Amino acid sequence: MKARYLSVVLLFFTASFAVAISTSEQVGPILSRRIQSARVVMFQLQEYLQGRVPELPKATSADQWTAESEKIREHVLEDVVFHGWPKAWVSSPPHFEDMGEIATGKGYSLRKMRYEIVPGFYSTALLYQPENLHGKVPAVLNVMGHYGPIGKANISNQTLCINEALHGMVALNLEWVGQGELSVKGDAHWFGGQLDLVGANNLGLFYLAMRRGIDFLWENPHVDRTRIAVTGLSGGGWQTIVLSSLDNRVDVSIPVAGYTSLEGRFALAPITEAGDLEQNATDFLVGVDYPTLTAMRAPRPTLLINNAQDNCCFRAPLVKPYIFDAIKPFFRLYEKEGAFQFYENTDISAHNYGFSNRHQTYRFLAESFHLSSSSQEIPVGQDIKSYSELSAGVPENNLTILSLARKMAAEIQRPPLPAAAGRDSAWAHSERAKLRDVVRYQPVTVDHAWGVANTLQNGVESESFRILFSN
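One numbering rule holds for all chains: residues counted from 1, following each sequence as written. For this predicted model, a pLDDT threshold of at least 70 governs which residues receive local features, and a threshold of 80 or more governs which side-chain atom pairs are given and counted, while totals over whole chains, interfaces and linings are taken from all residues. The basis for every side-chain value is the complete set of heavy atoms in the structure, and neither hydrogens nor water enter the calculation.

Can you help me understand the side chain of Asp383 in this one?
Among the secondary structure elements, Asp383 is positioned in the loop between α14 (355-369) and α15 (387-390). It is Lys385 that comes nearest to the buried, bridge-free Asp383 among opposite-charge side chains, at 5.2 Å. A run of H or I in DSSP becomes a helix once it reaches four residues, and a run of E becomes a strand once it reaches two; helices and strands are each numbered from the N terminus. Here the term buried applies to any residue with accessible area under 20% of the maximum for its type, exposed to any over 50%, and partly exposed to those in between, with areas from a 1.4 Å probe on protein chains only. Lys and Arg are tallied as positive, Asp and Glu as negative. Neither His nor the chain termini are counted. Within this document, salt bridges are pairs made up of a side-chain nitrogen of Lys or Arg and a carboxyl oxygen of Asp or Glu, the two lying within 4 Å of each other.

Dropping the structure here:
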């Protein structure tokens, strides 16, 4: 392990009190002077993080990788995603309410839905179905990105879902926490940290929110359980790869501009491009990186869509080596290389699920589900609805990420401290071990300290050090 550095300044006030009061103008320049440049700090941070990127597992055969994938899947779900979440919530059946039908054009029906993520926390959804539906048909879960207050009323999403229904599929579009009808302050994704503070991995809430959609489709009597797909843009692309890798019920996966490897993130900007909290949740990427999740899709049909000049993130040439090229050998083990595809969109220089990307989705769904219908997009501009038309409504007292964390905190039962006489070394040792485990404490020593600067003027003395640590 290469050594890391820290810069510190020690200040000594040696003058009288009257003089010391006037020293703020002297101290300011001392503290503002950089001991180590920002570029060096950034380089060291990149190097430090790079050394902790999980390696892509080795796969020697289809049987071996299938078994290994199951072990990884069980570990991530049981030990990470659902850490701290009540088992009754995790295993509860889907609870969807029909909030009424919306008038549409010919060829499909549209219903507003409301569903429970966990007790007291509701989200909304839209259910698009082929008109005069008979028998069992394929289904697509459409998950949302960061569309802000407009949420599931986004035109691209409506166009995609309507076309899926017109092409003979059931389409479910979920509102995402923090967006659309859940676009409230308490649902800002960074409040996921409050869930971590009360012992529940914040990723669990986001995972349950999207998994409920698969639960609903799985129980839908018109859905062919062998033909279920997930797709979404941006944050929806992230949801797509996570859900479709960890839930074996998902046959087809089409993430759009939603993720890359940790190495890919660190190479660009490890601080400003860290992603939302759930994307790098506590313990989530310890030993398992996004390329591994992608490899776990083998041999199921998977189409990765990225934009060549995306104005947000995940540009195709920059992510393809990590999440596609490196993963092809896993599909080759099953002799299913054709089931793993990559599409680079050059039509729009933006973060989008536009016409070309949607066309690729229709094509891939038709191929994977063996549909006889055309994969061309059907014009549906006349059927686009407004936000208010699509709103299903959530309860007035609906929980948010923040209020859920507060509720869970209030339910924590802590044993009282033992009386002073009982606080013996054994009790203290036990509690200290728990704390060490929670904060991942590892001892650190100072290998060397260089004095690099000093001042001594008008009663203020300073010494600046560059300190070399053992880890």
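What is the right way to look at a nonpolar patch on the surface in this model?
Patch membership requires over 30% relative accessible area and the absence of a salt bridge. Like charges are linked within 9 Å, and nonpolar side chains (Val, Leu, Ile, Met, Phe, Trp, Tyr) within 5 Å. Areas reported here follow the Shrake-Rupley algorithm with a probe of radius 1.4 Å; residue values treat only the protein chains shown as occluding. Taken together, the side chains of Leu435, Val438, Val439 and Tyr441 define a hydrophobic patch exposed on the protein surface, amounting to about 420 Å² of accessible area. Relative to the helices and strands, Tyr441 is located in the loop between α17 (425-438) and β11 (446-457).

Even after reading the chapter, I still don't get the packing of aromatic side chains, so can you show me in this structure?
The geometry of an aromatic ring pair is captured by two quantities: the separation of the ring centres and the angle between the planes. Any two of the Phe, Tyr and Trp rings considered here, Trp counted by its six-membered ring, make a pair once their centres fall within 6.5 Å; the pair's planes then place it as stacked at under 30 degrees, edge-to-face at over 60, or tilted in between. Under the definition given, this model contains 12 aromatic pairs. Through pairs of rings, three or more aromatic residues link up here, namely Phe324, Phe331, Phe340 and Phe342. As a reminder, the over-ring test applies to NZ of lysine and CZ of arginine, requiring each to be within 6 Å of the ring centre and within 35 degrees of the ring normal. One cation-aromatic arrangement involves Arg114 over Tyr122; the distance from NZ or CZ to the ring centre is 5.7 Å. Here the basic side chain of Lys320 rests over the ring of Phe342, its NZ or CZ set 5.8 Å away from the ring centre.

Help me understand the pattern of salt bridges, please; the structure alone is not making it clear to me.
Pairing is possible between side chains of opposite charge, provided their charged atoms come close. All told, the structure shown has 18 salt bridges when counted by the stated rule. Close ionic contact of Arg332 with Glu337 constitutes a salt bridge, the shortest N to O distance being 3.1 Å. Its relative accessible area of 41% is what places Arg332 among the partly exposed residues. Since its relative accessible area comes to 43%, Glu337 is described here as partly exposed. Arg358 is the partner of Glu377 in a salt bridge, and the nearest nitrogen-oxygen pair spans 2.6 Å. Of this pair, Glu377 sits in the loop between α14 and α15 while Arg358 sits in helix α14, and the two are 19 residues apart along the sequence. The pair formed by Glu377 and Arg358 is uniform in burial state, with each residue classed as buried. Where salt bridges share partners, they join Arg211, Arg212, Asp215, Asp247 and Arg249 into one cluster.

How should unusual backbone geometry be read in this particular structure?
Note: most peptide bonds trans; most residues except glycine with negative phi. With an omega dihedral of 5°, the bond running from Ala298 to Pro299 counts as a cis peptide bond. Relative to the assigned elements, Pro299 resides in the loop between α11 (290-295) and β9 (302-307). In this structure, Asp283 is a non-glycine residue whose phi angle is positive, near 70°. Within the secondary structure layout, Asp283 lies in the loop between α10 (262-268) and α11.

What exactly am I supposed to notice about the sheet that holds strand β5 (residues 137-143) here?
Strand-to-strand pairing in sheets goes through backbone hydrogen bonds, with the strands running parallel or antiparallel. Spatially, the nine strands line up as an open sheet ordered β2-β3-β4-β6-β5-β7-β8-β9-β10, and their pairing is mixed. At either margin of the open sheet sits one strand with a lone partner, and together these are β2 (96-102) and β10 (340-345). For this sheet, the mean angle separating the axes of adjacent strands, direction not counted, is 20°. Each pair of strands is called paired provided DSSP finds at least two bridges between the two strands. Inspection of the sheet shows β2 paired to strand β3 (residues 108-118) by five bridges, in the antiparallel sense. Each residue of the ladder has a partner; that of Ile102, found in β3, is Leu110. Only heavy atoms matter for contacts: two residues are in contact if any of them lie within 4.5 Å across the pair. Only the stretch in contact is used when fitting a helix axis, every axis being a line fitted to C-alpha atoms; angles between N-to-C directions are given from 0 to 180 degrees. Each of β5, β7 (223-233) and β8 (252-256) touches helix α9 (residues 235-246); the most contacted strand, β7, lies at about 145° to it.

Which parts of the structure should I look at to understand the environment of Leu390?
Among the structural elements, Leu390 can be located in helix α15. Residue classification places Leu390 among the buried residues on the basis of a relative accessible area of 1%. As a C-alpha pair, Leu390 and Leu174 span 216 residues in sequence and 12 Å in three-dimensional space. Not counting residues within four places of it along the chain, the set of residues in contact with Leu390 comprises Ile102, Leu110, Lys112, Leu126, Lys152, Ala153, Gln158, Glu181 and Lys385.

Mind showing me how you'd approach the nonpolar core here?
Ranked by size, the top nonpolar core spans 104 residues in total, and within it Trp85, Phe121, Val242, Phe284 and Leu404 carry the most contacts. Top element by residues in this core is helix α8 (residues 203-219). It accounts for 10 residues. Once you skip the residues sitting within four places of it in the chain, Phe121 turns out to touch Tyr115, Glu116, Val177, Leu182, Asp187, Leu205, Asn398, Leu399, Thr400, Ile401 and Leu404. By nonpolar core is meant a set of buried Ala, Val, Leu, Ile, Met, Phe, Trp, Tyr and Cys residues that side-chain atoms within 4.5 Å join together.

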